[in-house]
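Inside the fold
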Number of protein chains: 2
Amino acid sequence: MKVTIDDVARRAGVSKTTVSRILNGNYGQTTEETRNRILDVIKEMDYSPNIVAKSLKSMRTNVIGIVLSNLKNPYWMTVLEGVEDTCRDLGYNLMICNSDEQPEMEMQYIKEFQMRQVDGIVINPTVRNMELYAKLASDNYPFVVINRKVPGLSAHHVVVDNVKGAELAVNHLVRAGRKKVAVFVYRNPHVSTWAERVEGYRSAMLENGFAPGDLLICEVEQGTGATTEAVIRFLRQQPDVEAIFSTNNMMTLDIIKGIKELRLRIPDDIAIIGYDETVWAQHLDPPLTTVMQPAYEMGRISAKMLIKRINAKRQQKPETVVLEPQLIVRASCGAAGRV
Amino acid sequence: MKVTIDDVARRAGVSKTTVSRILNGNYGQTTEETRNRILDVIKEMDYSPNIVAKSLKSMRTNVIGIVLSNLKNPYWMTVLEGVEDTCRDLGYNLMICNSDEQPEMEMQYIKEFQMRQVDGIVINPTVRNMELYAKLASDNYPFVVINRKVPGLSAHHVVVDNVKGAELAVNHLVRAGRKKVAVFVYRNPHVSTWAERVEGYRSAMLENGFAPGDLLICEVEQGTGATTEAVIRFLRQQPDVEAIFSTNNMMTLDIIKGIKELRLRIPDDIAIIGYDETVWAQHLDPPLTTVMQPAYEMGRISAKMLIKRINAKRQQKPETVVLEPQLIVRASCGAAGRV
DNA sequence: TTGAAAGCGCTAACAG
DNA sequence: CTGTTAGCGCTTTCAA
C-alpha cells in the first residue's frame, strides 16, 4: 500500500541506508549518479518518509506542545501566532491543547504530550500543579512557563512586568488629575498576574502620595455578567470614583457596559484604562487607553527559548525573560493630549 | 534512562506481551494477581508508554491536524475551541498550523502532517491547491474542508450559508427603510465565502425590487488602512448611501472608523451590519448588528465528522454540512426595535 | 493464562 | 562510496 524506504531502495537497486543518506542530506559520500537515480525513484513513486518511524529511531520528534488555559481570549491567539511562526522558522511542528484553567486537565495534557515524546512544552500554567512542575524541572524536561510566574519554581519563564504595567496605568491616571482611582481584578489567588497588577496599583498610589486608606480594590468573580453588576454596585456606593483601572481585557468591556448603564460619561465623569491591547480598543467609544503586553513577542521568545533549550548540549541555568508593557494612550483616560 | 515496557515486564517477572495487554485493557485473559502486580510495578517505576512506538506499530497516531489560514481573526479561535473540545472528548490530540493564506505553506504543512501520520486533517483551504485537494480525495485520505467551499471537490465540507447570511442582513436593512444599500468586500477571487456574500446581497436587493443598476459593490484590498480610506472615498462620491453591509468583522471596524472620520452618525445617517459576531460587537457605539456564524459548531462538527470518517470501516460518500447564520440585531442597523 | 518472535519504517555504527 | 545489521518501543499472531 504505502511506499516505504525499502521500496525505494529496492527499485533504485541500492540499500535503504543509501536512500536514508540522500534523504537526510548526508550525500557527501555518494555518487552524483546514484543520488540522481534515487531522487528519480522517490519522485516516481511519490515516496515520503514516515516521520513516526524516524522519530522512534532518532528519539526526537521535532514537535513541541503548547498548553493554553483559555481559548476565549484573543490575547492567546496572538501568543499562539508567535509560537507558530517560530516553529515554522525552526522546523518544528506544534501540538496544542487547552487546560481550560483546570489543574486535572493540565496534568493530563502534559502527560499526554510527554508520552507523545514531544521535544518540549510551552505552558501557561494553572499554577495548581506545583508537584508536577517541580517534577518536570527536576527531570530536566524541556519546558518554558509563560505569562504567569510559578513561585519557587526553577524553570525558564517568559512573563510581562505586571507591576510595571499597572504603575504605567495608575501614574497616568493620577497625573491626569484623578484622585479616586479604583482597580478591578478577578478573584484568583493562584495567578500571579492579577496579584501583581494590584500590587502595581498599590505601589503607584502610595508613590503618588495616597494613603493605604485611599486604595479602592474591587475583586469580582470571573464569569459573564458578574463584572457589570459589580461595577454598578460599586459606583453607586462610591459615586465619587474618578477612574478605574481594569486588569483584564474582557473585564474592561463589562466595566464599560456598567458605566454606560449608569449614564456616566467616559472620560468626563470617569476615566478608564484597560489591560491588554486588542483589535477593538481603538474602535470603542471613546477609544480605550490600554496597557499593551507584547503577546506576539512572548510567543516567539518562549518558543525560541524552548527550542534552544532542547538543542542545548549541556544544561543551562533557568532563565527568566521579563517583557515590558507599554501604555497606549487614547481618549478613555481623559488625558490623550497632555501626557 | 527512560523506562520501557521491557523494564516493567522484567521487573514484574512477566513478558512484555502481558504488560501490553494490561495497558490496553485486554485483561479478560489475565489473572487478577498478575495484573495487580504489573500495575504496582508500573506505578512504582513511574512507567508511561511511548506513544510514538505504539503509533508506528499500530499504524495510527490518534492525532488530527488543523490547517488554518489566519491566526489574527478571533473567529478562528472559536473554531479552534470547538475542534479542541471535540478532540478531548474523543481521545485525539491536535496539531495546528497556519498557512497564512499562502498556497505553498498550505501544501507544505499538509505534506508534513501526512508524513507525521496524522489520522486526518481539518482544513480551511486557501483554495489555490486544487490538484492537492483532488489528490487527497482520490487517495481517500481523511480530511474535512471547513468554512470555504472548494468548487468541484468531492470531499467532506462544513460551511455556513453565506448567501443566506447576506440576505438576512440586506433584507433587514431594506425593511428598515434603507434604499441605497452598499456592500463592502475584500478582493479575493478564490474564496467562495466573499463571493457568496456578495451574491446574497445581489439576490436580496433584486428580490426587494431594486434594479441591477442600484447595486453598490465596493471591493477593497485586504490590508491595514485600505478599507478606511476606501470607505471615505466611497461615501464622498456617493453621499446618499444609507446603509453598508460589511462582509468581514475586521473590515467592519475599519468601515466604522471611516464613517466616524466623516462625522456621519450611525445609524441616523448611515446604518451598518457586520459579518461575524464578536466579543466586542455589543460594546461598540452604537452596538453593532451582526450576522453570526456558528464558529464553535463548525469546529465541533468538522472534528466529529473527520474522526467518524477516520474510524469508518467502509468509505462513505462525501457529506456537506451547511450551517445556518443568524442575524443579531442591535442598534447599528437603525431598526433594533422594529424588526 | 502467558510468552516467543516477528516486524512497523527508519537510522547509524561498523565493515567492506 | 555503499551495504549489513541491529535496534528504537511497542502490538499481535501463533503456539504452548
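Residues numbered from 1 in each chain as written. Chains lettered and ligands numbered in written order. Predicted model: local features only at pLDDT ≥ 70, side-chain atom pairs only at ≥ 80, totals over all residues. Heavy atoms only, no water.

Where an unreviewed UniProt entry is consulted, chain A appears under the name LacI family transcriptional regulator, with the organism given as Paenibacillus thalictri.

Our focus in this paragraph is the protein's contact with DNA strand D. DNA strand D sits among 25 residues. The nearest are Arg21 and Lys57 of chain A together with Ile5, Lys16 and Tyr47 of chain B. The sugar-phosphate share of atoms of DNA strand D within 4 Å of the protein amounts to 58%. Contacts to DNA strand D include Ser15 of chain A, whose backbone N or O atom sits 2.9 Å from a phosphate oxygen. One nitrogen or oxygen atom from the side chain of Asn24 of chain B is found 3.1 Å from a phosphate oxygen belonging to DNA strand D. In the surface near DNA strand D, the residues fall into 7 nonpolar, 13 polar and 5 charged. (Near = heavy atom within 4 Å. Polar contact = N/O pair within 3.5 Å; in protein donor to acceptor, adjacent residues only side chain to side chain. Nonpolar A, V, L, I, M, F, W, Y, C, P; charged D, E, K, R; others polar.)

The next subject is the packing of aromatic side chains. What the rule picks out here adds up to 9 aromatic pairs over all chains. Relative to Trp280 of chain B, the ring of Trp280 of chain A has its centre 5.4 Å away and its plane inclined at 25°; by these criteria the two rings are stacked. Of this pair, Trp280 of chain A sits in the loop between strand S9 (271-275) and strand S10 (289-292) while Trp280 of chain B sits in the loop between strand S9 (271-275) and strand S10 (289-292), on two different chains. Relative accessible area serves as the criterion here: at 1%, Trp280 of chain A is assigned to the buried category. Taking NZ or CZ as reference, Arg197 of chain A lies 3.7 Å from the ring centre of Tyr275 of chain A, over its face. (Phe/Tyr/Trp six-rings, centres within 6.5 Å; stacked < 30°, edge-to-face > 60°. Helix = DSSP H or I, 4+ residues; strand = E, 2+ residues; numbered from the N terminus. Buried < 20%, exposed > 50% of the residue type's maximum accessible area, 1.4 Å probe, protein only. Lys NZ or Arg CZ within 6 Å of the ring centre and 35° of its normal.)

Residue and element names in this part refer to chain A. Every second residue of strand S8 (residues 243-246) is oriented toward a common face, with Ala243 and Phe245 on one face and Ile244 and Ser246 on the other, all of them buried. Pairing between strand S6 (residues 181-186) and S8: 4 bridges, direction parallel. Residue pairing for S8: Phe184 is matched across the bridge by Ser246. Alignment of S8 against S9, held across 3 bridges, turns out to be parallel. What sits directly across from Ile244, in S9, is Ile272. (Pairing = 2+ DSSP bridges.)

A separate point is the interface of chain A and chain B. Each side of the interface is counted separately: chain A has 51 residues, and chain B has 51 residues. Together, the buried faces of chain A and chain B total about 4700 Å²; carbon and sulfur atoms form 59% of this surface. Summed over the shared surface of chain A and chain B, the result is 4 salt bridges. The residue Asp46 of chain B makes a salt bridge to Lys135 of chain A at a minimum N-O spacing of 3.4 Å. Put simply, chain A and chain B have 26 residue pairs in polar contact (both at pLDDT 80 or more) between them. Residue assignment for the side of chain A that touches chain B shows that the elements contributing at least two residues are helix H4 (51-58), helix H5 (74-90), strand S2 (93-98), helix H6 (103-115) and helix H11 (249-261) of chain A. (Contact = heavy atoms within 4.5 Å. Buried area = accessible area lost by both parts, 1.4 Å probe. Salt bridge = Lys/Arg side-chain N within 4 Å of Asp/Glu carboxyl O.)

Residues in close proximity to DNA strand C total 26 residues, the closest being Ile5, Lys16 and Tyr47 of chain A together with Arg21 and Lys57 of chain B. A share of 58% is what sugar and phosphate atoms reach among the atoms of DNA strand C within 4 Å of the protein. Between DNA strand C and Asn24 of chain A there is a distance of 3.1 Å, counted from a phosphate oxygen to a side-chain nitrogen or oxygen. Between DNA strand C and the protein, one listed contact pairs a base nitrogen with a backbone N or O atom of Ala53 of chain A at 3.3 Å. Residue assignment for the surface near DNA strand C shows that the elements contributing at least two residues are helix H2 (16-23) and H4 of chain A together with helix H2 (16-23) and helix H4 (51-58) of chain B. Per-element accounting of the surface near DNA strand C gives the leading share, 4 residues, to H2 of chain A. Looking at the surface near DNA strand C residue by residue, the class counts come to 7 nonpolar, 13 polar and 6 charged.

Turning to the side chain of Thr290 of chain A, a few remarks are in order. Residues and elements named next belong to chain A. Relative to the elements of secondary structure, Thr290 occurs in strand S10. What makes Thr290 buried here is its relative accessible area of 0%. Within the local environment of Thr290, its side chain forms a polar contact with the side chain of Glu277, the two groups lying 2.6 Å apart. If we skip the residues at most four places from it in the chain, Thr290 touches Ile273, Gly274, Asp276, Glu277, Ala281, Gln326, Leu327, Ile328 and Arg330.

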